[in-house]
Amino acid sequence: MDGKNRRATLVRDLILIAVLLCLGIGLLVVSRSHNRTGAYAVVMVQNQEIARYSLAVDGVYDINDGTNTIEIKDGRVRMTEAVCLNHLCIRQGWIRFENQSIVCLPNRLSVIVRGTDDSYDYVL
Amino acid sequence: MDTRKVVHMGMLIALAMVLSFIESQIPAFVAVPGIKLGLANIAIVFALYSLGFREALGVSLIRVVLSAILFGSVVSGLYSAAGAILSLLGMALLKKSGFFGTVGVSVSGAVLHNLGQIGIACFILKTQALVYYLPFLILSAVLSGVVIGIISAVLVERLGGEEYGRRAEK
């Protein structure tokens with residue numbers, strides 16, 4: 001590859017990177033722009049709702065036959081215990097906005113914050 | 001397939017496994033599932049440039065199966081497989097187009113890897129909630145893809161890419 005060709009390829013690579021960066025930042029801005037504080041923490045296991053807790057009531061709950069424990073406090077919810085290897089779900093910390101979720105892949109479980117009107121699935 | 005090519009592929013699989021192992025020893029530094037360096041992609045990109053699409057696919061899939069057995073689980077293997085196939089298809093197409101260099105190819109491979117993983121995760125968990133992670137996954141993939149792409153580009157250049165593959169065929 002000669003020098004000129006190489007430079008053209010580099011420029012196209014940079015454009016590709018810039019486009020992908022813009023896509024990521026764009027999606028981030030869009031998903032951030034309609035944040036509404038949620039009302040419920042809904043526990044889903046394989047798309048089945050197994051429990052629903054109001055975020056207005058503080059408490060600690062064992063869910064999914066005790067594989068996971070969630071804590072609700074000050075209108076936020078977090079995973080405090082989980083039977084899995086990496087504990088990524090715990091490290092995700094608190095969530096409070098509608099459609100935010102904590103996912104525990106090993107237990108196929110997710111905790112999703114929903115609003116009062118129970119507006120369903122998330123569309124970007 | 002001649003012996004030299006088999007040896008060459010075996011070497012790249014071994015390299016990919018070592019890189020997967022090193023990566024599995026690095027603790028997750030961000031609390032978003034799926035964010036990782038993708039070190040093994042160095043071996044896959046090199047396989048794509050030195051041997052070709054079919055061979056790279058072989059290296060990639062064998063790596064996925066072996067690392068699922070050694071460091072992961074059936075489920076994690078499924079996620080990786082979806083990401084690996086989508087990523088390799090995209091990389092092969094971009095490489096074939098001739099428009100992009102190793103870095104561009106590697107970056108799009110990284111992004112597609114994460115898209116494939118999140119796609120299959122949405123399918124398995126039957127939820128769209130994971131789309132929430134998409135922006136973070138794309139941004140992290142661009143960053144790690146650039147790093148991995150530069151490493152791969154240096155390797156392909158120093159070792160001679162296709163020329164290296166031809167030497168392997170002789």
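Residues numbered from 1 in each chain as written. Chains lettered and ligands numbered in written order. Predicted model: local features only at pLDDT ≥ 70, side-chain atom pairs only at ≥ 80, totals over all residues. Heavy atoms only, no water.

1. Points about the overall build of chain A
Applied cut-off: The secondary structure listing takes helices from DSSP runs of H or I that are at least 4 residues long and strands from runs of E that are at least 2 residues long, numbered from the N terminus. Only C-alpha atoms enter the radius of gyration; for comparison, a globular chain is expected to reach 2.2 Å times N to the power 0.38, where N is the number of residues. Think of it in three bands: residues with accessible area under 20% of the maximum for their type are buried, residues over 50% are exposed, and the middle band is partly exposed, with areas taken using a 1.4 Å probe on protein chains only. Any two residues having at least one pair of non-hydrogen atoms within 4.5 Å are treated as being in contact. Neither His nor the chain termini are counted; the positive set is Lys and Arg, and the negative set is Asp and Glu. Lys charges are placed at NZ, Arg charges at CZ, Asp charges at CG and Glu charges at CD.
Helix and strand counts for chain A come out as two helices and seven strands. The linear arrangement of helices and strands in chain A, starting from the amino end, is α-β-β-β-β-β-α-β-β. Relative to its length of 124 residues, chain A is extended, with a C-alpha radius of gyration of 20 Å against a globular reference of 14 Å. Principal-axis analysis of the C-alpha atoms places the extent of chain A at approximately 65 × 35 × 25 Å. Relative to its full complement of 124 residues, chain A shows a buried share of 42%. Sequence separation of 24 or more characterises 35% of the internal contacts of chain A that already satisfy a separation of 6 or more. Counting 14 positive and 13 negative side-chain charges, chain A places the averaged centre of each group 13 Å from the other.

2. Observations regarding the confidence of the model for chain B
Which entries qualify depends on this criterion: Predictor confidence is given residue by residue as pLDDT, running from a minimum of 0 to a maximum of 100.
Of the residues in chain B, 90% reach a pLDDT of 70 or more, and the chain-wide mean stands at 86. Between the elements of chain B, mean pLDDT differs from a low of 69, seen in helix H7 (residues 161–169) of chain B, to a high of 93, seen in helix H2 (residues 41–50) of chain B.

3. Describing the nonpolar core
To keep things clear, this is the line we draw: Take the buried residues of types Ala, Val, Leu, Ile, Met, Phe, Trp, Tyr and Cys, join any two whose side-chain atoms come within 4.5 Å, and each joined set is a nonpolar core.
Among the nonpolar cores identified, the biggest contains 44 residues, and Leu48, Val59, Met91, Val105, Leu130, Tyr133 and Val142 of chain B are the most heavily contacted of them. Every residue in contact with Val59 of chain B, bar those within four places of it in the chain, is listed here: Met9, Leu12, Ile13, Ile44 and Ala47 of chain B. The next biggest cluster of nonpolar side chains, apart from the first, holds 20 residues, and it includes Val45, Tyr53, Ile63 and Ile102 of chain A.

4. A word on the sheet that holds strand E5 (residues 76–82) of chain A
Residue and element names in this part refer to chain A. Selection rule: DSSP bridges decide pairing: two strands pair if at least two such bridges lie between them. Angles here are taken between N-to-C directions and fall from 0 to 180 degrees, while the axes themselves are lines fitted to C-alpha atoms, restricted in helices to the stretch in contact.
Spatially, the three strands line up as an open sheet ordered E3-E4-E5, and their pairing is antiparallel. The open sheet has two edge strands, strand E3 (59–63) and E5, and neither has a second partner. Ignoring which end each strand starts from, the neighbouring axes of this sheet average 25° apart. Pairing of E3 with strand E4 (residues 68–73) involves five bridges; the strand directions are antiparallel. In the strand pairing of E4, Val60 is matched with Glu71.

5. Topic: the packing of aromatic side chains
Here the distance between the centres and the angle between the planes together describe a pair of aromatic rings. Let me state the cut-off plainly: Classification of ring pairs uses Phe, Tyr and Trp, with its six-membered ring standing for Trp, and accepts pairs whose centres are within 6.5 Å; under 30 degrees between planes counts as stacked, over 60 as edge-to-face, and the remaining range as tilted.
Overall, the coordinates contain two aromatic pairs over all chains when judged by the stated rule. Ring centres of Tyr53 of chain A and Tyr61 of chain A lie 4.0 Å apart, and the angle between their planes is 20°; on these two criteria the pair is classed as stacked.

6. Some words on the interface of chain B and chain A
What counts here: Accessible surface is computed with a 1.4 Å probe, and the buried area is the amount of it that two parts give up when combined, taken over both parts together. We define a salt bridge as a contact between a side-chain nitrogen of Lys or Arg and a carboxyl oxygen of Asp or Glu at a distance within 4 Å. Each residue is assigned to one class: nonpolar for Ala, Val, Leu, Ile, Met, Phe, Trp, Tyr, Cys and Pro, charged for Asp, Glu, Lys and Arg, and polar for all the others, Gly among them.
With 36 residues of chain B at the interface, the matching set in chain A holds 32 residues. When chain B packs against chain A, the two sides together hide about 3000 Å² of surface, and 69% of this comes from carbon and sulfur. Where chain B packs against chain A, one counts one salt bridge. Glu157 of chain B is the salt-bridge partner of Arg6 of chain A, the closest N and O atoms lying 3.4 Å from each other. Taken together, the elements giving at least two residues each to the side of chain B that touches chain A come down to helix H4 (74–97), helix H5 (102–125) and helix H6 (134–159) of chain B. Each residue belonging to the side of chain B that touches chain A can be placed in one class, and the counts come to 27 nonpolar, seven polar and two charged.

7. Concerning helix H3 (residues 53–71) of chain B
All names here are of chain B. Our working definition: What a helix should span is 1.5 Å times the count of its residues minus one.
With 19 residues, H3 ought to run about 27 Å at 1.5 Å a step, and its terminal C-alpha atoms sit 26 Å apart, in line with that. Among the residues of H3, those classed as buried are Glu55, Ala56, Val59, Ser60, Arg63, Val64, Ser67 and Ala68. Against helix H1 (3–25), H2 and H4 lie the buried residues of H3.

8. A few points about the environment of Ala43 of chain B
All names here are of chain B. By secondary structure assignment, the location of Ala43 is in helix H2. As a C-alpha pair, Ala43 and Leu159 span 116 residues in sequence and 13 Å in three-dimensional space. In this structure, Ala43 is in contact with Leu12, Leu15, Ala16 and Leu19, ignoring residues within four places of it in sequence.

9. Notes on the environment of Leu55 of chain A
All names here are of chain A. Relative to the assigned elements, Leu55 resides in the loop between strand E2 (48–54) and E3. In the structure, Leu55 is positioned 18 residues away from Lys73 in sequence and 7.3 Å away in space, judged by C-alpha atoms. The residues contacting Leu55, other than those within four sequence positions of it, are Gly38, Ala39, Tyr40, Ala41, Ile72, Gly75, Arg76, Val77 and Val113.

10. Description of the domain arrangement of chain A
The test is simple: All the domain ranges listed were derived from an automatic or database domain assignment.
Structurally, chain A comprises domain 1 (1–33) and domain 2 (40–114). On a C-alpha basis, the centres of domain 1 of chain A and domain 2 of chain A stand 36 Å from each other.

11. Comments concerning the side chain of His113 of chain B
Residues and elements named next belong to chain B. Considering the arrangement of structural elements, one finds His113 in helix H5. With a relative accessible area of 15%, His113 lands in the buried category. Apart from the residues within four sequence positions on either side, His113 is in contact with Lys36, Ser80, Gly83, Ala84 and Ser87.

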